[in-house]
Amino acid sequence: QKEVEQDPGPLSVPEGAIVSLNCTYSNSAFQYFMWYRQYSRKGPELLMYTYSSGNKEDGRFTAQVDKSSKYISLFIRDSQPSDSATYLCAMIRDDKIIFGKGTRLHILP
Amino acid sequence: EPEVTQTPSHQVTQMGQEVILRCVPISNHLYFYWYRQILGQKVEFLVSFYNNEISEKSEIFDDQFSVERPDGSNFTLKIRSTKLEDSAMYFCASTAGTDTQYFGPGTRLTVL
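Here's what I pulled together on the structure shown here. Treat the numbers as computed from the prediction; the structure is a model and nothing was measured. (Residues numbered from 1 in each chain as written. Chains lettered and ligands numbered in written order. Predicted model: local features only at pLDDT ≥ 70, side-chain atom pairs only at ≥ 80, totals over all residues. Heavy atoms only, no water.)

### As for the state of the cysteines
Residue and element names in this part refer to chain A. Using the criterion set out here, one finds 2 disulfides over all chains in the structure. A sulfur-sulfur distance of 2.0 Å marks the disulfide that ties Cys23 to Cys89. Residues Cys23 and Cys89 are joined by a disulfide whose S-S torsion is about -100 degrees; by sign, that bridge is left-handed. Of this pair, Cys23 sits in strand β3 (residues 19-25) while Cys89 sits in strand β9 (residues 85-93), and the two are 66 residues apart along the sequence. (Disulfide = S-S within 2.5 Å. Helix = DSSP H or I, 4+ residues; strand = E, 2+ residues; numbered from the N terminus.)

This is the structure:
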């Protein structure tokens, strides 16, 4: 079983819809959970960062962590065409980031 | 806002040649990292560096790879004898401590 599993998509949703992106993980040693956004041929850009189980909100973005289920989610409200990108979940253990494969998201105008 | 910078943005080289990829981390950061992303695949950890030595490396980071912090601002990744399969985007990242890492824009390495 891979340490971090993420559906690569692509996921296409109409503008204004709520987007739900998810990852599962297998290693209980993961301590920090992040979501990065990556535009084509660019470096990953940090969106959300959380340590504990529960929800964390920042503007249109909400990150959710359920450590008991080893499941994390990112919700995007009022999605915009500029949100079209690849979204990477990532987790830290032993001083290194383990990334999911990324989900390609298309917001249709 | 401070950011991680990387040069060059694109490097083309012949198989067997040495390449050096350069990074300037955020100035007050102490921990430095290299990652790579082969086209269409996920971002993979290569190496972490702290206090002038490697703290962690992956199985990808073999004897062909080395890292150096030659002065107070640069952090470099050297590939001694490039192979076709080294073609990828290489990302540098840095952090001040236990918080998350900030990534540079990447160097696209093409090995012919």
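### Things to note about the interface of chain A and chain B
At the junction of the two partners, chain A supplies 18 residues and chain B supplies 22 residues. When chain A packs against chain B, the two sides together hide about 1,700 Å² of surface, and 55% of this comes from carbon and sulfur. Three residues, Arg41, Asp95 and Phe99 of chain A, lead the burial of chain A against chain B; their summed loss comes to 31% of the area buried on that side. Here chain A is connected to chain B by 0 salt bridges. For the interface between chain A and chain B, the tally reads 4 residue pairs in polar contact (both at pLDDT 80 or more). Per-element accounting of the side of chain A that touches chain B gives the leading share, 4 residues, to strand β4 (residues 32-38) of chain A. Its residues assigned to classes, the side of chain A that touches chain B comprises 9 nonpolar, 3 polar and 6 charged. (Contact = heavy atoms within 4.5 Å. Buried area = accessible area lost by both parts, 1.4 Å probe. Salt bridge = Lys/Arg side-chain N within 4 Å of Asp/Glu carboxyl O. Polar contact = N/O pair within 3.5 Å; in protein donor to acceptor, adjacent residues only side chain to side chain. Nonpolar A, V, L, I, M, F, W, Y, C, P; charged D, E, K, R; others polar.)

### Side note on the sheet that holds strand β3 (residues 19-24) of chain B
All names here are of chain B. In spatial order, the strands read β1-β3-β8-β7; together these 4 strands make up an open sheet with antiparallel pairing. Here the strands that pair on one side only, and so sit at the sheet edges, are β1 (5-7) and β7 (65-68). Each strand axis lies, on average, 20 degrees off the axis of its neighbour in the sheet, ignoring direction. Summarising the sheet, β7 and strand β8 (residues 75-79) pair through 4 bridges and their orientation is antiparallel. Bridge assignment links Glu68 to a residue of β8, and that residue is Thr76. (Pairing = 2+ DSSP bridges. Axes fitted to C-alpha atoms, helices over the stretch in contact; angles between N-to-C directions.)

### Observations concerning the sheet that holds strand β6 (residues 54-58) of chain A
Residues and elements named next belong to chain A. Taken together, the 5 strands give an open sheet; going across it, the order is β1-β3-β8-β7-β6, and neighbouring strands pair in antiparallel fashion. If you trace the sheet from one side to the other, it starts and ends with β1 (4-5) and β6, each paired once. As judged from the 6 bridges shared by β3 and strand β8 (residues 71-76), these two strands associate in the antiparallel manner. Its bridge partner lying in β8, Thr24 is registered against Tyr71.

### Examining the pattern of salt bridges
Counted under the stated rule, the structure contains 5 salt bridges over all chains. As a salt-bridge pair, Glu45 of chain A and Arg37 of chain A come within 3.2 Å of each other at their nearest N and O atoms. Ionic pairing is found between Glu44 of chain B and Arg36 of chain B, a salt bridge with its closest N-O pair at 3.3 Å. Residue class for Glu44 of chain B comes out partly exposed when judged on its relative accessible area of 22%. Take Arg36 of chain B: its relative accessible area is 11%, and that puts it in the buried class. (Buried < 20%, exposed > 50% of the residue type's maximum accessible area, 1.4 Å probe, protein only.)

Interpretation note: all reported values are geometric properties and have no functional meaning in isolation.
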